[in-house]
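Read off the chains here:
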Amino acid sequence: QVQLVESGGGLVEGGGSLRLSCAASGLSFSNYRMGWFRQAPGKEREFVARISATTSLTYYADSVKGRFTISRDNAKNTVYLQMNDLKPEDTAVYSCAAGSNSRAPSTTPTAWTYWGQGTRVTVSS
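Residues numbered from 1 in each chain as written. Predicted model: local features only at pLDDT ≥ 70, side-chain atom pairs only at ≥ 80, totals over all residues. Heavy atoms only, no water.

### Some thoughts on the sheet that holds strand 3 (residues 18-25)
Reading across the sheet, the four strands line up as 1-3-8-7 and stay open at both edges, with antiparallel pairing between neighbours. Two strands in the sheet have a free side with no partner beyond their single neighbour: strand 1 (3-7) and strand 7 (68-73). In this sheet, adjacent strand axes meet at a mean angle of 15° when their direction is disregarded. (Pairing = 2+ DSSP bridges. Helix = DSSP H or I, 4+ residues; strand = E, 2+ residues; numbered from the N terminus. Axes fitted to C-alpha atoms, helices over the stretch in contact; angles between N-to-C directions.)

Encoded structure:
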């Protein structure tokens, strides 16, 4: 019944920007930590960013720090990922995830509870 649906992916040139959205339903959205992960072809899924449930505290992977911004709108049950200065190495399927606030924050995919299907981002050189 819980559903996370990503949107906003597409093809963009290097140096460009893209804004991803993840709409959540079937859960008490404001009580969940939200995060973004990505998986490039032939590689393991990796952590990108997360935002806390209570104070909207954010944390980013070093590879995207200063370029990406995660935010949430609890009234819309939606989490966003603003991606600026995109690079070809950012090319991947981006998935959003929801994590229980009863567990410690994590960058490990297995520590998160619910997942969306993902949206593809392709950055050309």
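Right, picking up where we left off after that structure.
### So, the state of the cysteines
Taken as a whole and judged by the stated rule, the model has one disulfide. Disulfide pairing places Cys22 opposite Cys96 at an S-S distance of 1.9 Å. Taking the sign of the S-S torsion, 45° for the link of Cys22 and Cys96, the bridge is right-handed. Separated by 74 residues along the polypeptide, Cys22 in strand 3 and Cys96 in strand 9 (residues 92-100) bring together distant segments of the chain. Under the relative-accessibility criterion, Cys96 is labelled buried at 0%. (Disulfide = S-S within 2.5 Å. Buried < 20%, exposed > 50% of the residue type's maximum accessible area, 1.4 Å probe, protein only.)

### Looking at the nonpolar core
Ranked by size, the top nonpolar core spans 34 residues in total, and within it Trp36, Val79, Leu81, Met83 and Tyr94 carry the most contacts. Secondary structure elements with two or more residues in this core: strand 3, strand 4 (32-39), strand 5 (46-51), strand 7, strand 8 (78-83), strand 9 and strand 11 (119-124). Top contributing element to this core by residue count: strand 9, with five residues. Those residues within four positions of Tyr94 in sequence are excluded, and the remaining contacts are Glu6, Leu20, Trp36, Phe37, Arg38, Val48, Phe68, Leu81, Met83, Gly118, Thr119 and Val121. (Core = buried A, V, L, I, M, F, W, Y, C linked by side-chain atoms within 4.5 Å. Contact = heavy atoms within 4.5 Å.)

### Some details on the pattern of salt bridges
Counted according to the given criterion, the structure contains five salt bridges. Residue Asp85 pairs with Lys87 through a salt bridge whose shortest N-O separation is 3.7 Å. We classify Asp85 as partly exposed; its relative accessible area is 38%. (Salt bridge = Lys/Arg side-chain N within 4 Å of Asp/Glu carboxyl O.)

### Considerations on the packing of aromatic side chains
Taken as a whole and assessed by the stated rule, the structure comprises five aromatic pairs. Between Phe37 and Trp112, the aromatic rings sit 5.5 Å apart at their centres with planes inclined by 80°, giving edge-to-face as the arrangement. You can see Phe37 sitting in strand 4 and its partner Trp112 sitting in the loop between strand 9 and strand 10 (114-115), a full 75 residues away along the chain. Here Phe37 and Trp112 have matching classes, each one buried. For the pair Phe37 and Trp115, a centre-to-centre distance of 4.9 Å together with 55° between the ring planes defines the contact as tilted. (Phe/Tyr/Trp six-rings, centres within 6.5 Å; stacked < 30°, edge-to-face > 60°.)

### Section: the side chain of Ser52
Positionally, Ser52 belongs in the loop between strand 5 and strand 6 (58-60). A residue is classified by how much of its surface remains accessible, and Ser52, at 15% relative accessible area, is buried. At a separation of 3.4 Å, a polar atom in the side chain of Ser52 contacts the side chain of Thr55. Polar side-chain contacts of Ser52 include one of 3.0 Å to the backbone nitrogen of Ser56. (Polar contact = N/O pair within 3.5 Å; in protein donor to acceptor, adjacent residues only side chain to side chain.)

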